[in-house]
Amino acid sequence: MSSGTPNAIRLAFFGSPEFAVPTLRALIGSPWRPVVVVTQPDRPAGRSRKLTAPPAKIAAEEAGVPVIQPERLREPESVAALAAYKPNLQVIAAYGQIIRRAVLDLPAHGTLNVHASLLPRWRGAAPVAAAIRAGDSETGVTIMLVDEGVDTGAMLSKHVVPIRGTDTTASLSERLAQIGADLLLETIPRWIAGEIVAEPQDESRATKAPRLKKEEGRIDWSESADQIARTVRAFTPWPGATTTLGDTLLRVRQAEAGPAVPGGKPGTVLQAEGWIGVQTGAGILILHELQREGKRPMTAKAFARGERRFLGGRLG
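Nothing here was measured: the structure is a model prediction, and the numbers come from that model. (Residues numbered from 1 in each chain as written. Predicted model: local features only at pLDDT ≥ 70, side-chain atom pairs only at ≥ 80, totals over all residues. Heavy atoms only, no water.)

A. Representation of the overall build of the chain in the model. Along the backbone of the chain there are 8 helices and 15 strands. Its C-alpha atoms give the chain principal-axis dimensions of about 70 × 45 × 30 Å. The burial tally for the chain puts 49% of its 316 residues in the buried class. Within the chain, contacts between residues at least 6 apart in sequence are counted, and of these 65% link residues at least 24 apart. If you sum the accessible surface of the chain, you get close to 15,400 Å²; carbon and sulfur atoms cover 50% of it. (Helix = DSSP H or I, 4+ residues; strand = E, 2+ residues; numbered from the N terminus. Buried < 20%, exposed > 50% of the residue type's maximum accessible area, 1.4 Å probe, protein only. Contact = heavy atoms within 4.5 Å. Areas by Shrake-Rupley, 256 points an atom, 1.4 Å probe, with all protein chains shown as cover.)

Right, here's the structure in full:
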């Protein structure tokens, strides 16, 4: 790796969602200020389907950094638009498109990725949810070199983060985003100066965390209370952990594993002093907050007061 000074670095940043924003803002305030930000096109969002800019675009425009939004980065005209900025270092933080060889070949100093797991564990689009759902005690951030595989490139640096028992994908992602930004700023100068030897990943330890699908959020009450509680946290904010009461769709927003009360079929709603819960395949899932489709969230106790079918009923 050849040496380079901050003034000689022309950095292109790729990122789209909120996770990308701390890294982008850290770069903007550093000697490695991006010359361009590549992000996803504006998309319809919310009930109104109003065209909405990605958070990274908003942050870039606030700082006066040029933005390009290719529908498909692999198209020759998109590659040419990026090449016009003459990047010699590229950084990715949750961009949302696969980076092809034509783009990887542009920068002399390579393309770095801020990945929210301790690679090679949890390669893919949903590493934070995967770690919570699997019951991992820790996760972290890996700064890696991007190749043409899915998170298969050699690793430059890591930072380990414990997973708290109350962590959701939202809360843990927020912590990892800031830690990743800090770790990247520590890594860039050492990488450019040739002080880091990239470490290949151990393929025998690799696990996958593919993009979540909405139907994965449906709760299977035959699973254990521990597993369902982790699923609730992993699927917050999206796709949400859902079940049904008759023909009513319910989202379980907050819950925890409770006592192992015997009896009752999985999915049966129970009440004891101080709690409302659901019988699972192993243990009781204590419900804290529920949300009927199209309505505001409410406590489980408030929901029970307004829904006669709930207590003693069966979910799913």
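Moving on, there is more to tell.
B. Summary view of the pattern of salt bridges. Summed over all chains, the structure comprises 13 salt bridges. Among the salt bridges present, the one from Arg 133 reaches Glu 216, with a minimum N-O distance of 3.6 Å. With Arg 133 in helix H5 (residues 127-133) and Glu 216 in the loop between helix H6 (169-192) and helix H7 (225-234), this residue pair connects regions lying 83 residues apart in the sequence. You can call Arg 133 partly exposed: its relative accessible area is 28%. (Salt bridge = Lys/Arg side-chain N within 4 Å of Asp/Glu carboxyl O.)

C. Quick look at the sheet that holds strand E1 (residues 11-15). An order of E5-E2-E1-E6-E7-E8-E9 is seen for the 7 strands of this open sheet, with the pairing classed as mixed. Among the strands making up the open sheet, the edge pair consists of strand E5 (67-68) and strand E9 (155-162). (Pairing = 2+ DSSP bridges.)

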